[in-house]
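Okay, here's what each chain looks like letter by letter:
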Amino acid sequence: MVFAPAPQLTVTVERPSRGGTDEIHLHAGGQGVWQARMIASLGAQVVFCTALGGEAGQVLSTLIESEGIESRVVETNSATGAYVHDRRGGERREVAVMPGEALGRHEQDELYGLALSEGLRSQVSVLSGMAETQVLPPDIYRRLAGDLRRNGGTVVADLSGAYLDAVLEGGLALAKVSHEELVRDGRAPTERTADLISAMRRLRDGGARAVVATRAEKPALALLPDPEDTIVEVRMPELEPADHHGAGDSMTAGIATVLAQGGDLPAAVRLGAAAGALNVTRHGLGTGRADAIARLVERVSLRAYEGEPMPPMDGHATPDELAHRTQPGGPA
């Protein structure tokens, strides 16, 4: 189950070649959409739980259905958001944004009940973020994470800020964050690896069993619970990017897919890394062929962190101990 309260209608203007005519593309967008799309691409069954309203919501409903993504929708009086991007110059340029409107109390209750029902039937629930945080308060996320976990659910969150704080209180199997989010939210003072790892440990101590932190072009970092406090670098193949947007969302989707199929965390992280690596070679967000991703997995490795010194923390391994650990990655 992918919980996505605030998808967006995306309108993109492109010019495929010099002298060519402009093309206007309409797609379903937003973090949850991209994650659900990738999960479906990987061959797993996914249920997309969302709220849609207004003209943008009507168009989104059709677009999501056309992708073959099974959805559960709460129809709202609150308008769904939309944006227009101009990519004729090769880079994304924001032209206009229509923010989504806050859900009313009854709409929140309906969406919560819908997501809880579908989450209890699912092997894994992915709680995705929102571009417009006014749509839904963090406490809904806290309650949902906690209720799913207490009833045997596996919860994966791709969130930041107050929303990450909320789901940590509820309890998580895995939290995926970016290094920019860790610094922006004040969880890490700098982008130094030692600071990021300290922040990841605090997330683990706060309620996440495992943590994955992406670092743009650098190898992602993963804190795995077995053996305790293992820090590994996720080494991915070098590919020329066409569009770096959506790589982290594809990674989250890959991780959730493997966990839902009974795989272990190392295998999940490797497949997630392969899905993210392939996504950057494409212009479509949350896209990629499953067979191509499977081949890339063979080129993803998890290596014990051996970089700059890390300050030891009470009750945790020392840097020397971490440097001598190895973490094999199994097949996805």
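Our subject is the structure listed above.
Let me sum up the structure you'll find in this document. Source: prediction; values computed, not measured. (Residues numbered from 1 in each chain as written. Predicted model: local features only at pLDDT ≥ 70, side-chain atom pairs only at ≥ 80, totals over all residues. Heavy atoms only, no water.)

## Things to note about the packing of helix α3 (residues 105–121) against helix α4 (residues 138–150)
Then, number 1: Look at α3 against α4: their axes get within 10 Å of each other, and the N-to-C directions meet at 25 degrees. With respect to α4, the element α3 is oriented roughly parallel. As for the relative orientation of α3 and α4, their crossing is right-handed in sense. Residues Gln108, Tyr112, Ala115, Leu116, Gly119 and Leu120 of α3 form the contact with α4, whose participating residues are Ile140, Arg143, Leu144, Asp147 and Leu148.
Then, number 2: For the contact of α3 with α4, a count of residues per class yields seven nonpolar, two polar and two charged. (Axes fitted to C-alpha atoms, helices over the stretch in contact; angles between N-to-C directions. Helix = DSSP H or I, 4+ residues; strand = E, 2+ residues; numbered from the N terminus. Parallel < 35°, antiparallel > 145°, perpendicular 65-115°, else oblique. Left-handed = near helix turned anticlockwise from the far one by under 90°. Contact = heavy atoms within 4.5 Å. Nonpolar A, V, L, I, M, F, W, Y, C, P; charged D, E, K, R; others polar.)

## Remarks on helix α5 (residues 161–170)
Then, number 1: Judged by how many residues are buried, α5 sits mostly within the fold: seven of 10 residues are covered.
Then, number 2: Among the residues of α5, Gly161, Tyr163, Leu164, Ala166, Val167, Leu168 and Gly170 are the ones counted as buried.
Then, number 3: Against the buried residues of α5 lie β8 (124–128), α4, β9 (154–158), β10 (172–178), α7 (193–206) and β11 (208–215).
Then, number 4: Immediately beyond the C-terminal end of α5, within one or two residues, lies Gly171, with a positive phi of roughly 105 degrees. (Buried < 20%, exposed > 50% of the residue type's maximum accessible area, 1.4 Å probe, protein only.)

Fair warning: the whole summary comes from geometry, so function is off the table for now.
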